[in-house]
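Geometric and topological summary
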Amino acid sequence: MCGIVGVTGTDNSVSILINGLEKLEYRGYDSAGILVNDSESNNHLVKQTGDISNLKKLVDNKVKGHSGIGHTRWATHGGVTVENSHPQFSNDERFYLVHNGVIENYKELKQEYLSDVNFKSQTDTEVIVQLVDKFVVKDGLSTKDAFKKAISLLGNSSYGFLLIDTEDPETLYVAKNKSPLLIGKCDGYNVVCSDSVAMLNETKTFMEIEDGDFLIVKPNSVFVEDKNGKEVTRDTFEVDIDPSEADKGTYPNYMLKEVDEQPNVMRHLASKYLDQDGMPVIDKKLLDDINKSDRLYIVGAGTSYHAGLVGKALFEKMVKIPTEVVVSSEFAYADPLLPNKPFFIFLSQSGETADSREVLSNINKKGYSSLTITNVANSTLSREATYTLLLEAGPEISVASTKAYTAQIALEAILAKAVGISINNEKANNFDIKQQLGLVATGMQAVIEEKQQIEEIANEYFVKANRAFYIGRGIDYYVSMEASLKLKEISYVQAEGFASGELKHGTIALIEEGTPVIGIISQDKTAGLTRSNLEETAARGAKIITIAKQSIAKDGDTFIIPDVDELLTPLVTVIPAQLLAYYTSLNKNLNVDRPRNLAKSVTVQ
Ligand code: M6R
């Protein structure tokens, strides 16, 4: 979703902003812009729709800056136009503002305070910058007080704001509520960004900002007030990512790189969370809190929700606590009937998903304990949960989540094993997680090496298809849901993941000559049934593809997956599905990493 960058105190401002925006491209956007102010106090506003490359064409050597702000916009209020892109500015061109989030009451504010103002855009953001201008120019407030007054009128809206007053351009005004924003501390200048990835070339030292904070950022100082107006200091943290990890190197796109990285992610998780004897090393307090609970809730959205479904099987088998998996956007407003001692596990690659955060805020108010499993240290969901376990999968840039999904499942397995052995559960005691993750890594690698065959199948079955079905039972059904999400989000083939037994209760009516149906067959007890269901679709003209575990494979199976423990098969069966989606998208000449309409980090509800 939208991305924010800002800088004050260096003549490299233009390149810092543009590089930062390029690093944020992966989040998804449809227009971009910068405002820089040069040492002679000239303002340069450059905005354009489409890719950053379009914006760069307009940034000639006359565009210079000593400070500035920049933005990638993912349209919410108003279409994709230059007028609606950010920075938005006041009519007297004194104030410029970039914004992530949604101002819920912008229409009311417009009516109440700004009925005499001509608006240039349809955005909620322009209302705020015009308000600041009114409070300064007409009401005589200082910029600081005007900005704070405007913020005080926003109710429960979500925002990350970065404001510049061109009469004092070295001062950046910053405010945050429910939208990620960080300050980066550099040598002699400072930067602001919505994701540390944007500024890793400038610094590795970042300052957390909390909801309700108001900041004044200058080249050599950062002033912070909390939501009660009290001056506070906020902790800094180091981001331990080599900027090159966020580059795609020699790969044609990030998704392929991230798919290929999965065997190493498995090995890394094993070395990080298991001791030499293969026993999990996890905070005992966390294990005790889980053990004390009478029901586990796994909360997530999209791919993270799908990883949660596999987690349910892992926890129920090894921990024996009933486990519910919930879609965060639904659970947040469902007013659920909770048991006495629920424990919440949040799954989120980004750690910033607004829907999941809404659930976390609700359960924090009720005083329940929680764990966030995320790829991003110091992310909002990580900071606000009682415990955090990091995926350490390296930056995932492609919108389609791949290595985060498999890392989430592997870490759930390690956690379930840890809790399980603490209560002497037999399955957990016998589950050799270290050996299994080794087998998984090798199995993944074997599938990855079959890329050519996978590409051929993608070309033969999917590139021209309008519709496809993945089917399976139990854990294979959960992978079917993830597999179909991958296919639809990057290749725009309408795909559904189905419980294979459920097809004949209605959906089989959609099968026609040539419809691809992919069966996932990794569980001994249900393999025969899924095969029968595939036959039923073949009898109606479907083209059948199978992803089958080696020990139960049959002649004619399309992809044969090396054997791993039945609970961990999703880690391997998902790989051909990821690559089928990848090659379908690639050979349809689509943008694999940045599919239309989607954003990597979904920071609005
Ligand atoms: O960052 P999160 O894991 O919380 O994101 C949740 C979903 O938005 C995300 O998994 C989405 O479904 C992916 N694009 C799927 O590939």
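Everything quoted here is computed from the prediction, not taken from an experiment.

Conventions used here
Residues numbered from 1 in each chain as written. Predicted model: local features only at pLDDT ≥ 70, side-chain atom pairs only at ≥ 80, totals over all residues. Heavy atoms only, no water. Pairing = 2+ DSSP bridges. Helix = DSSP H or I, 4+ residues; strand = E, 2+ residues; numbered from the N terminus. Right-handed = clockwise from strand over helix to strand, strands pointing away. Domains from an automatic or database assignment. Contact = heavy atoms within 4.5 Å. Buried area = accessible area lost by both parts, 1.4 Å probe. Salt bridge = Lys/Arg side-chain N within 4 Å of Asp/Glu carboxyl O. Polar contact = N/O pair within 3.5 Å; in protein donor to acceptor, adjacent residues only side chain to side chain. Nonpolar A, V, L, I, M, F, W, Y, C, P; charged D, E, K, R; others polar. Near = heavy atom within 4 Å. Areas by Shrake-Rupley, 256 points an atom, 1.4 Å probe, with all protein chains shown as cover. Buried < 20%, exposed > 50% of the residue type's maximum accessible area, 1.4 Å probe, protein only. Patch = residues over 30% accessible without salt bridge, like charges linked within 9 Å, V, L, I, M, F, W, Y side chains within 5 Å. Lys, Arg positive; Asp, Glu negative; His and termini not counted. Charge placed at Lys NZ, Arg CZ, Asp CG, Glu CD. Axes fitted to C-alpha atoms, helices over the stretch in contact; angles between N-to-C directions. Parallel < 35°, antiparallel > 145°, perpendicular 65-115°, else oblique. Left-handed = near helix turned anticlockwise from the far one by under 90°.

Another aspect to go through is the pairing of strand β22 (residues 494–499). Where strand β21 (residues 467–472) lies against β22, six bridges are found, and the strand directions are parallel. Bridge pairing links A468 to A495 in β22. The parallel pair β21 and β22 is bridged by helix α17 (residues 475–491), and the resulting crossover is right-handed.

Bring the parts together and some accessible area is lost; that lost area is often taken as the interface size. Domain annotation for the chain reports domain 1 (3–240), domain 2 (244–445) and domain 3 (450–605). Residue-level contacts link 10 residues of domain 1 with 10 residues of domain 2. Its largest share of buried area at the contact with domain 2, domain 1 owes to Y26, P180 and E208, together 41% of the area lost on that side. Among the salt bridges present, the one from D247 reaches K23, with a minimum N-O distance of 3.1 Å. Applying the counting rule to domain 1 against domain 2 returns four residue pairs in polar contact (both at pLDDT 80 or more). Tallied by class, residues from the side of domain 1 that touches domain 2 come to five nonpolar, no polar and five charged.

Here the focus is unusual backbone geometry. Keep in mind that most residues, glycine aside, have a negative phi and that most peptide bonds are trans. With an omega of 0°, the peptide bond running from H86 to P87 counts as cis. Its identity as a non-glycine residue notwithstanding, E93 has a phi of 60°, on the positive side. Among the structural elements, E93 can be located in the loop between β5 (88–89) and β6 (95–102). Despite not being glycine, N378 shows a phi value in the positive range, around 65°.

Around the ligand sit 15 residues, and of these S304, S348, S350, T353 and E489 come closest. Separating an oxygen atom of the ligand from a side-chain N or O atom of T353 is a distance of 2.4 Å. Contact with the protein chains hides 91% of the accessible area of the ligand, taken as 410 Å² for the molecule alone. At the level of secondary structure, the elements contributing two or more residues to the shell around the ligand comprise α9 (302–318) and α17. Considering only residue class, the shell around the ligand consists of five nonpolar, eight polar and two charged.

To continue, consider the pattern of salt bridges. Counted by the stated rule, this structure contains 32 salt bridges. For K284, the salt bridge identified is with D288, shortest N-O distance 3.0 Å. Pair noted here: K284 and D288 are both in helix α8 (residues 284–292), with a separation of four residues, about one helical turn. Since its relative accessible area comes to 56%, K284 is described here as exposed. Exposure remark for D288: the relative accessible area of 30% places this residue in the partly exposed category. One salt bridge connects E566 with K549, and the closest N-O pair in it is separated by 3.5 Å. Taken together, the residues span a long stretch of sequence, with E566 in the loop between β25 (559–561) and α19 (570–587) and K549 in strand β24 (residues 543–549) at a distance of 17 residues. Residue E566 is classed as partly exposed on the basis of its relative accessible area, which comes to 29%. One salt-bridge network, in which partners are shared between bridges, spans K176, D211, R357 and E384.

Here we come to a negative patch on the surface. Residues E238, D240, D242 and E245 make up a contiguous surface patch of negative charge. Residue position: E245 is located in the loop between β15 (236–238) and α6 (254–260).

Here the focus is the packing of helix α4 (residues 124–138) against helix α5 (residues 143–152). Pairs of packed helices are described in terms of their axes, by the angle between the two and the distance that separates them. Interaxial distance between α4 and α5 falls to 8 Å at its minimum, and their mutual angle equals 135°. Comparing their axes, α5 and α4 come out oblique. The chirality of how α4 crosses α5 is right-handed. Here I128, L131, V132, F135 and V136 of α4 lie close against α5, whose contacting residues are T143, A146, F147, K149 and A150.

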